[in-house]
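Observations on chain architecture
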Amino acid sequence: MRVEIHGHRGARGLWPENTLPGMSRTMELGVHALELDVALTADRRLVLTHDLTVSAVTSADRRPLRVDDPLYPYVGKPINALTLAQLRMLDVGVRLPRHPDDPFALTQVAMPETRMPTLGAVLGLVNAYEAESVRLHIELKSDPTRPHLTADPELFTELVVEELDRHGRLDNVAVLSFDWRIITHAARLAPGARRFALIELDTLHWHDDLGGDIPAAARDAGATTLSPEHAMVDEALMAQARAAGLDVAVWTVNETGLAARMLDLGVAGIVTDYPDRMRELWRERGMELPEPVGPLKPVGV
């Protein structure tokens, strides 16, 4: 059975998350899928960000878009209150040293002066690599408990599907969300796409009527795959997922010992910040490895 390696936010443990250089290097390392996060700006642009407010861990203010910008500094402000032009003023290529407990600061290669990309830019990059073997996993960041920070789920899903269609990627994509309203809309708008119902202990209260069978509830919401945090994965959950007809892709698994236990339980995919570690485990077990995508050639070569 093929088990996939999914690069989390590109490969957050190795390179700056949700960035073009991070995605480039992750494809060149070799993953089955690139996972990335998107949110909607004030001017309805789709940008890569894990957080609904500008993160002080992954983002640093450089200068305002204009001298009298009342929203500056941008760090800490809602993504949906800022325009793409304002967000592009941030440096998102360095994890700040004032967060000494951040494990990724020790392993991530800094790439100063990296800008927050749009989803369209990432899709263009993947197409430029001709990376047909790499599936894109687009997580739509949506929190029903914080509607003031969150885009309308139907509009949000429509905009993402339109962008994927514009770049010819609807046939090789998965739509992910903790907000299962997104999953339901995606089932209608992009029935051929995979749909991952994300789940964690902290957000179980977002969902009514789980009835003790999370996989069945996810299937009924339109999911094709259940994607739980690793602490939730045991033999009972795996049995329920099989009964519901869903694969399981577990997140976020960074140690090979834990990954080995997940493989033994029968997961179909492992989401990781360290695809290099997973490749070593796959190699040790004689499992099918994703092919690295060749680096882009200079123009004219």
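Before going into details, it helps to say that this report is about the structure given with it. (Residues numbered from 1 in each chain as written. Predicted model: local features only at pLDDT ≥ 70, side-chain atom pairs only at ≥ 80, totals over all residues. Heavy atoms only, no water.)

1. Points about the packing of aromatic side chains
Filter applied, for reference: Only centres within 6.5 Å qualify two rings of Phe, Tyr or Trp (six-membered ring in Trp) as a pair; their planes then separate them into stacked at under 30 degrees, edge-to-face at over 60, and tilted for everything else. Only DSSP runs of H or I with at least four residues qualify as helices, and only runs of E with at least two residues qualify as strands; both kinds are numbered from the N terminus onward. When a residue's accessible area, from a 1.4 Å probe over protein chains only, is under 20% of the maximum for its type it is buried; when over 50% it is exposed; and in between it is partly exposed. Either the NZ atom of lysine or the CZ atom of arginine qualifies as a charge over a ring when it sits within 6 Å of the ring centre and within 35 degrees of the ring normal.
What the rule picks out here adds up to three aromatic pairs. Between the aromatic rings of Phe-178 and Trp-251, the centroid separation amounts to 5.7 Å while the plane-to-plane angle is 90 degrees, which identifies the pairing as edge-to-face. With Phe-178 in the loop between strand 5 (173-177) and helix 5 (180-189) and Trp-251 in the loop between strand 8 (247-250) and helix 8 (256-265), this residue pair connects regions lying 73 residues apart in the sequence. This pair shows no difference in class: Phe-178 is buried, exactly as Trp-251 is. For the cation-ring pair, Arg-277 lies above Tyr-274, with the distance from its terminal atom to the ring centre recorded as 3.6 Å.

2. A look at empty space enclosed by the protein
What counts, and what does not: With a 1 Å grid laid over protein atoms only, a set of points is called a cavity when a 1.4 Å probe fits there but cannot get out and a pocket when it is open yet has protein on both sides within 12 Å along at least five of seven lines; lining residues have an atom within 4 Å of a point. Grid points are joined across faces, edges and corners, and a volume is the space filled by probe spheres set on the points. Charged residues are taken to be Asp, Glu, Lys and Arg, nonpolar residues to be Ala, Val, Leu, Ile, Met, Phe, Trp, Tyr, Cys and Pro, and polar residues to be all remaining types, Gly included.
Under the counting rule described, the total for this entry stands at two cavities of 30 Å³ or more. Size it by volume and the largest cavity reaches roughly 120 Å³. Taken together, 13 residues make up the lining of the largest cavity; nearest its centre are Leu-48, Thr-49, Thr-58, Ser-59 and Met-116. Classifying every residue of the lining of the largest cavity gives five nonpolar, six polar and two charged. Computed from the structure, the second largest cavity encloses a volume of approximately 40 Å³.

3. Structural notes on the packing of helix 3 (residues 119-128) against helix 4 (residues 153-166)
To keep it simple, the criterion reads: Here an angle of 0 to 180 degrees is reported between the N-to-C directions of two axes, which are lines fitted to C-alpha atoms, with helices fitted over the stretch in contact. Angular relationships are summarised with four words: roughly parallel below 35 degrees, roughly antiparallel beyond 145, roughly perpendicular across 65 to 115, and oblique for the angles in between. A clockwise turn of the near helix away from the far one marks a right-handed crossing, whereas an anticlockwise turn of less than a right angle marks a left-handed crossing. Any two residues whose heavy atoms approach within 4.5 Å are treated as being in contact.
At their nearest, the axes of helix 3 and helix 4 sit 10 Å apart, and the two run at 25 degrees to each other. Classified by the angle between their axes, helix 3 and helix 4 sit roughly parallel to one another. Taken as a pair, helix 3 and helix 4 cross one another with a handedness that is right-handed. Residues Leu-119, Gly-120 and Leu-123 of helix 3 lie in contact with helix 4, whose contacting residues are Val-160, Glu-163 and Leu-164. In the contact of helix 3 with helix 4, the residues fall into four nonpolar, one polar and one charged.

4. Side note on the environment of Asp-276
Here Asp-276 lies in helix 9 (residues 275-284). Under the relative-accessibility criterion, Asp-276 is labelled partly exposed at 29%. Once you skip the residues sitting within four places of it in the chain, Asp-276 turns out to touch Leu-14 and Leu-29.

5. Overview of the layout of surface pockets
Taken as a whole, the largest pocket holds about 330 Å³ of empty space. For the largest pocket, the lining is made up of 24 residues, of which His-50, Glu-139, Lys-141, Phe-178 and Leu-198 are closest to its centre. Of all the elements in the fold, those that place two or more residues in the lining of the largest pocket are strand 4 (135-140) and strand 5. Grouping the amino acids of the lining of the largest pocket by side-chain chemistry returns eight nonpolar, seven polar and nine charged. Surrounding the second largest pocket, 14 residues form its lining, Glu-4, Arg-194, Thr-225, Asp-247 and Ala-268 being those nearest its centre. Counting only elements with at least two residues in the lining of the second largest pocket, the list comes to strand 1 (4-7), strand 6 (194-199) and strand 8. Broken down by element, the lining of the second largest pocket gets its largest block of residues, three residues, from strand 8.

6. Observations regarding the pairing of strand 1
Defined as follows: Paired strands are those between which DSSP finds at least two bridges.
Burial along strand 1 is two-sided: Glu-4 and His-6 and Ile-5 and Gly-7, pointing in opposite directions, are all buried. Here strand 1 pairs with strand 9 (residues 269-272) via four bridges, running parallel. Counterpart to Gly-7 in the pairing with strand 9 is Thr-272. Bridge count between strand 1 and strand 2 (residues 33-40): two bridges; the pairing is parallel.

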